[in-house]
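Single-letter residue listing:
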Amino acid sequence: MSTHSSSPKSPNRSWSDRTLAIRAGSYRSNFKEHSEALFLTSGFAFDSAQHGADLFANPSLGNVYSRFTNPTVDALATRIAALENANYGLVTASGMSAIMTLCLSLLKQGDHIVCSRDIFGTSVGLFRDIVTRFGIDVDFVPLHGLSTWQNAIRENTRFLFCETPSNPLIEAESISDLAKLAHQAKALLIVDNCVATPILQKPMDFGADIVIHSMTKFVDGGGRCLGGAIVMNETELKDQIFSTMRTTGPTLSPFNAWVMLKSIETLPVRIIEQSKSAIAVVEWLEKQDWVKKVNHPSSKFYCPQQKKIVDEQMHAYGSLLSFEVEGGKEMAWQVIDRCQLFSRTANLGDVKSSICHSATTTHNRLTQQMRDEAGIGDDLIRLCIGLENPEDLCQDLSCE
Ligand SMILES: Cc1ncc(COP(=O)(O)O)c(C=O)c1O
């Protein structure tokens, strides 16, 4: 957002993702360092009283205070926006604070939102238990199936919110169809693109108005820092959200931004390798007699209609998958507990592969009825495939 001598450079729109991931938003201070510097400072000094007054009146003229302007943080915001093919990016302390910031920026008492029920469990909690306390109505609908979205939209619907592909069932819906529905109703479409990453899917290209990320996941890729992002094209929207952030402070630490600036450089290479390994694990799982069903677009069990959507809007299928086992929760827990290589953790997107029981971890805040309706059974295991050799991963899952 700033034009200080060390602030991020605008990306060249013709660069490919691999170049943008390394060069977009890159900056160099007067010391001419090659790797982006870490500006671990809460405030910035003014040249004069007039300079301070000018910056306070217009923070885009330079850096003021790291709650709302910091070169390291701005560089990451520029880079993630470039990868999403969006005009503006803002980064936040976590994925949840990105969603909360949107709610605080866009909603008021009496508004209504329509939300996919197939979203991260804590996002369900935010919309269902917190947002509704402020006089805002929320309807949850299945991700796949446009008619239920259409029927849920009301005159006061402010936005539609979805994750496609979803976690943990990797379900999909057409972003362009959802955008059309939203725009007919003068509402916005917000897509949580955390599972796909901007490398595999760019929702703005299909008409989404706002894309959010938990950068904690694939952007960090090393399971170190929490972070979130909000990207959009409209200046008015960006100003509205920036103003909320400036006042409420869900700010990303410069240190976390710096870690992510480094890790995002390898995101395009990592996610493609991880997606390839996921296909190898899916193929292996499909051959096991204790596996009932595998959820991944590469699987023979995947819904053909949703596969068509995925093929239209994604470049590869991603590294998140889930599968159902014979023998219910007992068997699912046995499979999880016998793993020595997979990390038993709820985080995803790491180069270390992870395994978790969604019903009792990431989605435990959903009621039993919501989990049943969403298809998150006790026999479901979620995997996120990292960069280890996929043969070793299959060996680890094997019951022999
Ligand atoms: C799809 C999705 N969105 C949002 C979040 C929330 O992100 P964070 O944990 O960074 O707050 C998560 C976390 O797992 C997630 O999986």
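Residues numbered from 1 in each chain as written. Predicted model: local features only at pLDDT ≥ 70, side-chain atom pairs only at ≥ 80, totals over all residues. Heavy atoms only, no water.

Draft legend 1. Structural context of the state of the cysteines. On inspection of all chains with the given rule, the structure shows zero disulfides. Left without a disulfide partner, Cys-303 is nearest to the cysteine sulfur of Cys-162, which lies 16 Å away. For Cys-303, a relative accessible area of 26% corresponds to the partly exposed category. (Disulfide = S-S within 2.5 Å. Buried < 20%, exposed > 50% of the residue type's maximum accessible area, 1.4 Å probe, protein only.)

Draft legend 2. A look at the sheet that holds strand β8 (residues 291–295). Read from one edge to the other, the open sheet built from five strands follows the order β8-β9-β12-β11-β10, with strand pairing classed as mixed. Among the strands making up the open sheet, the edge pair consists of β8 and β10 (343–344). Here β8 runs beside strand β9 (residues 320–325); their pairing, made up of four bridges, is antiparallel. Opposite Val-294, over in β9, you have Phe-323 as the bridge partner. (Pairing = 2+ DSSP bridges. Helix = DSSP H or I, 4+ residues; strand = E, 2+ residues; numbered from the N terminus.)

Draft legend 3. Main features of the site of the ligand. What surrounds the ligand is the set Ser-94, Gly-95, Met-96, Phe-120, Glu-163, Asn-167, Asp-192, Cys-194, Ser-214, Thr-216, Lys-217 and Gly-227. A distance of 2.6 Å is found between a nitrogen atom of the ligand and a side-chain nitrogen or oxygen belonging to Asp-192. Note that an oxygen atom of the ligand is positioned 2.8 Å from one of the side-chain N or O atoms of Ser-214. Tallied by class, residues from the shell around the ligand come to three nonpolar, six polar and three charged. (Near = heavy atom within 4 Å. Polar contact = N/O pair within 3.5 Å; in protein donor to acceptor, adjacent residues only side chain to side chain. Nonpolar A, V, L, I, M, F, W, Y, C, P; charged D, E, K, R; others polar.)

Draft legend 4. View of the domain arrangement of the chain. Split into domains, the chain comes out as domain 1 (17–266) and domain 2 (267–397). Just the C-alpha atoms count here: the centres of domain 1 and domain 2 sit 26 Å apart. Of the residues lining the interface, 46 residues belong to domain 1; the matching set on domain 2 comes to 46 residues. Both faces considered, domain 1 and domain 2 share a buried interface measuring about 3,700 Å² in area, 63% of it formed by carbon and sulfur atoms. The largest contributions to the domain 1 side of the interface with domain 2 come from Ile-170, Leu-200 and Phe-218, which together make up 21% of the buried area. There are zero salt bridges connecting domain 1 and domain 2. Our count for the domain 1 to domain 2 interface comes out at 18 residue pairs in polar contact (both at pLDDT 80 or more). With five residues, the single largest contributor to the side of domain 1 that touches domain 2 is helix α5 (residues 121–130). Its residues placed into classes, the side of domain 1 that touches domain 2 shows 20 nonpolar, 16 polar and ten charged. (Domains from an automatic or database assignment. Contact = heavy atoms within 4.5 Å. Buried area = accessible area lost by both parts, 1.4 Å probe. Salt bridge = Lys/Arg side-chain N within 4 Å of Asp/Glu carboxyl O.)

Draft legend 5. Just the nonpolar core, in detail. Core analysis: the biggest nonpolar cluster contains 63 residues, and Leu-76, Ile-80, Val-91, Trp-149, Leu-160, Leu-189 and Met-215 have the highest contact counts within it. Of all the elements, helix α3 (residues 71–83) adds the most residues to this core, at eight residues. Residues Cys-103, Leu-107, Phe-161 and Met-245 belong to the second largest nonpolar core, which totals 33 residues. (Core = buried A, V, L, I, M, F, W, Y, C linked by side-chain atoms within 4.5 Å.)

Draft legend 6. Up close: α3. The terminal C-alpha atoms of α3, which comprises 13 residues, lie 18 Å apart, in line with the 18 Å expected from a rise of 1.5 Å per residue. Taken residue by residue, α3 has Pro-71, Thr-72, Val-73, Asp-74, Ala-75, Leu-76, Ala-77, Arg-79, Ile-80, Ala-81, Ala-82 and Leu-83 as its buried positions. Buried positions along α3 lie against α1 (17–23), β1 (88–92), α8 (197–200), β6 (210–214), β7 (228–232) and α10 (254–263). Asn-85 sits one or two positions beyond α3 and adopts a positive phi of about 55°. (Expected span 1.5 Å × (residues − 1).)

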